[in-house]
Amino acid sequence: MNGTIVHATAEDKEEILALYRTMLYGAADWSEDYPNEETIEFDLSRDSLFAMKNDAGEIISVISIDQDAEVEALECWSRDLAPGGELSRLCVRKDMHNKGIAREMMRYAFEELKRRGKKSVHILVKTGHVVAFASYNKLGFSQVGTCNLFGKDFVCLERELF
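Conventions and cut-offs
- Residue positions within a chain follow its written sequence, with the count starting from 1.
- Since the coordinates come from a predicted model, pLDDT governs what is reported: local features require at least 70, and pairs of side-chain atoms require 80 or more to be given and counted, while whole-chain, interface and lining totals use all residues.
- For the side-chain quantities, the full set of heavy atoms in the structure was used; hydrogens and water were omitted.
- Side-chain atoms within 4.5 Å are what join buried Ala, Val, Leu, Ile, Met, Phe, Trp, Tyr and Cys residues into a set we call a nonpolar core.
- Here the term buried applies to any residue with accessible area under 20% of the maximum for its type, exposed to any over 50%, and partly exposed to those in between, with areas from a 1.4 Å probe on protein chains only.
- The helix count covers DSSP runs of H or I at least four residues long, the strand count covers runs of E at least two residues long, and both are numbered beginning at the N terminus.
- Contacts between residues were defined by any pair of non-hydrogen atoms, one from each residue, lying within 4.5 Å.
- Aromatic pairs are defined between Phe, Tyr and Trp rings, using the six-membered ring for Trp, whenever the two ring centres lie within 6.5 Å; interplanar angles under 30 degrees are classed as stacked, those over 60 as edge-to-face, and all others as tilted.
- Consider the ring centre and the ring normal. A charge sits over the ring if Lys NZ or Arg CZ is within 6 Å of that centre and within 35 degrees of that normal.
- One less than the residue count of a helix, multiplied by 1.5 Å, gives the span that helix is expected to have.
- DSSP-based pairing: two strands are paired if at least 2 bridges between them are found.
- What counts as an axis is a line fitted to C-alpha atoms, over the stretch in contact for a helix, and the angles between N-to-C directions run from 0 to 180 degrees.

Among the nonpolar cores identified, the biggest contains 25 residues, and Leu87, Met106, Tyr136 and Phe141 are the most heavily contacted of them. Secondary-structure elements contributing two or more residues to this core are β2 (49-53), β3 (59-66), β4 (84-92), α4 (101-115), β5 (120-126), α5 (130-138) and β7 (152-160). Among the elements that make up this core, the one with the highest residue count is α4 (six residues). Setting aside anything within four residues of it in sequence, one finds Phe141 in contact with Met106, Phe110, Val121, Ile123, Tyr136, Leu157, Glu158 and Arg159. If you look at the next biggest cluster of nonpolar residues, it comprises 14 residues, including Leu19, Leu24, Trp30 and Ile40.

Take a look at the structure:
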């Protein structure tokens, strides 16, 4: 394991925002406006933001269990796998890429979703984000549709939680 995964707290907010900012304008197409402080506060208010911290206590990765009615209302999600939960804002510090951290974070989030009574997990991936598609494919996700939300095109991925 690369670090310890914990519930993020309000004290982590600045460090998480700084981590998000390192990924601006990349394949995920994040910007100064998203994800932002309000996004972090929303995730914290629902106890749905998780951080991996290294031995020095530095945050090296984050992931959130999102709650977005527009995403959940998409017709592509399997009714047999309802209720589902959405994961989003997975971010790994650049110097920690290719060390299996994203996979560890996803597996942790899968277990958390199961604890919350979910049968499946949903992820929106920006069209063209090749690295994310390869990673999610290895984790057993299937493409179930496409959508345009928030002015961007996404591929909808779903996976059953076992």
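Okay, the packing of aromatic side chains next. In the structure shown here, the tally under the stated rule is five aromatic pairs. Here the aromatic rings of Tyr20 and Trp30 are separated by 5.3 Å at their centres, their planes lie at 80 degrees, and the arrangement is edge-to-face. One end of the pair, Tyr20, is in helix α1 (residues 13-21); the other, Trp30, is in the loop between α1 and α2 (37-45), with ten residues separating them in the sequence. Residue classification places Tyr20 among the buried positions, given a relative accessible area of 0%. Taking 6.0 Å as the distance between ring centres and 50 degrees as the angle between the ring planes, the aromatic pair formed by Phe110 and Phe141 counts as tilted. Remark: Phe141 occurs in the loop between α5 and β6 (142-149) and Phe110 occurs in helix α4; sequence separation between them is 31 residues. Ring pairing ties together the aromatic residues Phe110, Tyr136 and Phe141, which thus form one cluster. Just above the ring of Phe42 sits the side chain of Arg46; from NZ or CZ to the centre is 4.1 Å.

If you check α4, its first and last C-alpha atoms are 21 Å apart, about what 15 residues at 1.5 Å a residue would give, namely 21 Å. Listed in full, the buried residues belonging to α4 are Ile101, Glu104, Met105, Met106, Ala109, Phe110, Glu112 and Leu113. Looking at the residues trailing α4, positive phi occurs at Gly117, about 85 degrees.

Now for the sheet that holds β2. Read from one edge of the open sheet, seven strands run β1-β2-β3-β4-β5-β7-β6, paired in mixed fashion. Bordering the open sheet on either side are β1 (4-7) and β6, each of which pairs with just one other strand. Adjacent strand axes in the sheet meet at a mean angle of 30 degrees when their direction is disregarded. Here β2 runs beside β3; their pairing, made up of five bridges, is antiparallel. The residue of β3 that forms the bridge with Lys53 is Ile59. The sheet contacts of α1 involve β2, β3 and β4, and relative to β3 the element is tilted by about 95 degrees.

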